[in-house]
Amino acid sequence: MKRVLLTGASGGVGTRLRQLLRPLYPELILSDLKAPADLRSDETFIQADLADAAAIEKACEGVDGIVHLGGYSVEGPWETILSANIIGCHNLFEAARKKGVKRVVFASSNHVMGFHPRAKKIGIEAVPKPDTRYGLSKLFGEGLGSLYAHKHNIGVLSIRIGNFGDKPIDERRLAIWLKPDDLVQLIRIGLEKPGLVYDVVYGMSDNKRAWWDNSHALSLGYRPNGKSEDFAAEAVEAQKKLPKDPVGDYFQGGSPFCSQEFAGDFEKLKKLS
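A brief structural summary. Remember, predicted model here, so these are calculated numbers, not experimental data.

Quick notes on the rules
- Residues numbered from 1 in each chain as written.
- Predicted model: local features only at pLDDT ≥ 70, side-chain atom pairs only at ≥ 80, totals over all residues.
- Heavy atoms only, no water.
- Helix = DSSP H or I, 4+ residues; strand = E, 2+ residues; numbered from the N terminus.
- Rg over C-alpha atoms; globule rule 2.2 N^0.38 Å.
- Buried < 20%, exposed > 50% of the residue type's maximum accessible area, 1.4 Å probe, protein only.
- Contact = heavy atoms within 4.5 Å.
- Areas by Shrake-Rupley, 256 points an atom, 1.4 Å probe, with all protein chains shown as cover.
- Phe/Tyr/Trp six-rings, centres within 6.5 Å; stacked < 30°, edge-to-face > 60°.
- Lys NZ or Arg CZ within 6 Å of the ring centre and 35° of its normal.
- Core = buried A, V, L, I, M, F, W, Y, C linked by side-chain atoms within 4.5 Å.

## Overview of the overall build of the protein chain
Stage number 1. Helix and strand counts for the protein chain stand at ten helices and nine strands.
Stage number 2. In terms of C-alpha radius of gyration, the protein chain reaches 18 Å, essentially the compact-globule figure of 19 Å for 273 residues.
Stage number 3. Here the protein chain holds 273 residues, and the buried ones make up 50% of them.
Stage number 4. Pairs at least 24 apart in sequence give 67% of the contacts found in the protein chain among residues at least 6 apart.
Stage number 5. With the model as given, the accessible surface of the protein chain reaches about 12600 Å², and the carbon-plus-sulfur share is 53%.

What follows is the structure, encoded as structure tokens:
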């Protein structure tokens, strides 16, 4: 990969990845609705709205690989999710096809699987159970990735990102924490691994309390070095200060993703799970 496009470059994850990916991909192109506040003079930025197909095509010109972080990253109204995460994601993959992009790393989310119970460990073969319109849009993105991989010969890796940060700050994050360096390792697999067609992995570090079986990522060469258990005492203590949420505390998606707008039969769901 010589020329790599990073969408969503001004967001929280994108800002951190700018620093970590630059040494690996010197021709790193940044894109977002607005330029990063700390954009350096030696960085290349292309302003583009994902909902603007022509603008996204322009951003993909001459690109070898894409790390697609762009979109609306929390729950929102359907119109917002539709524009940024569904239409925008389609525009991105279609632009990649038209411009001959070889690889796309798609930032999916753990919220694709949010209504699985925490007591049950799941792998990538588990039935998706999105917990929000946001999670649903990420499932759509995974489907797009599969379509464009198999039909249009673009290698795609979908990473169901857990919680990206320097350390886990509560009990839920002890299970789903993703150290920044470990995300970079997964991105490199998506951009560089020979023979990749389409794969899905969980974006988590070496977490003793994990709810996910990430053996498929290990089979692709992933070797996480972050260990959430190193922060367990601090995270468990912080959990004591958080309000109880029966629905959010039961399901993997947590609060507020599972509990917000919840009108389901909680007891029935617990029996089914």
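## Topic: the environment of Val104
Stage number 1. With respect to the helices and strands, Val104 occurs in strand S5 (residues 103-109).
Stage number 2. Judged by relative accessible area, Val104 falls into the buried class, the value being 0%.
Stage number 3. With 69 residues separating them in the primary sequence, Val104 and Arg173 have C-alpha atoms 27 Å apart.
Stage number 4. With residues up to four places along the chain from it excluded, the contact list for Val104 reads Ile66, Leu92, Phe93, Ala96, Ile154, Gly155, Val156 and Leu157.

## Regarding the packing of aromatic side chains
For any two aromatic rings, the description comes down to two numbers: the centre-to-centre distance and the angle of the planes.
Stage number 1. Counting across every chain of the model gives ten aromatic pairs.
Stage number 2. Through successive ring pairs, a cluster of aromatic residues spans Phe115, Tyr250, Phe251, Phe262 and Phe266.
Stage number 3. In this structure, Lys270 is placed above the aromatic ring of Phe266, and the distance from its NZ or CZ to the ring centre is 4.7 Å.

## Here's the deal with the nonpolar core
Stage number 1. Membership of the largest hydrophobic core comes to 29 residues, with the highest contact counts inside it found for Leu6, Leu17, Ile159, Leu183 and Ile187.
Stage number 2. Mapped onto this core, the elements with two or more residues apiece are strand S1 (3-7), helix H1 (12-21), strand S2 (27-32), S5, strand S6 (155-161) and helix H6 (180-192).
Stage number 3. Sort the elements by how many residues they give to this core and H6 lands first, with six residues.
Stage number 4. For Ile187, the residues in contact, after removing those within four places along its chain, are Leu17, Leu21, Val67, Val105 and Ile159.
Stage number 5. Of all hydrophobic cores here, the second largest spans 25 residues; its members include Leu5, Cys60, Phe106 and Ala149.

## Digging into the environment of His216
Stage number 1. Mapped onto the secondary structure, His216 falls in helix H7 (residues 215-219).
Stage number 2. His216 gets classed as partly exposed once you look at its relative accessible area, which sits at 25%.
Stage number 3. For the pair His216 and Ile124, spaced 92 residues apart in the sequence, the C-alpha separation amounts to 7.9 Å.
Stage number 4. The residues touching His216, leaving out its near neighbours within four places in the chain, are Ile124, Asp199, Val200 and Val201.

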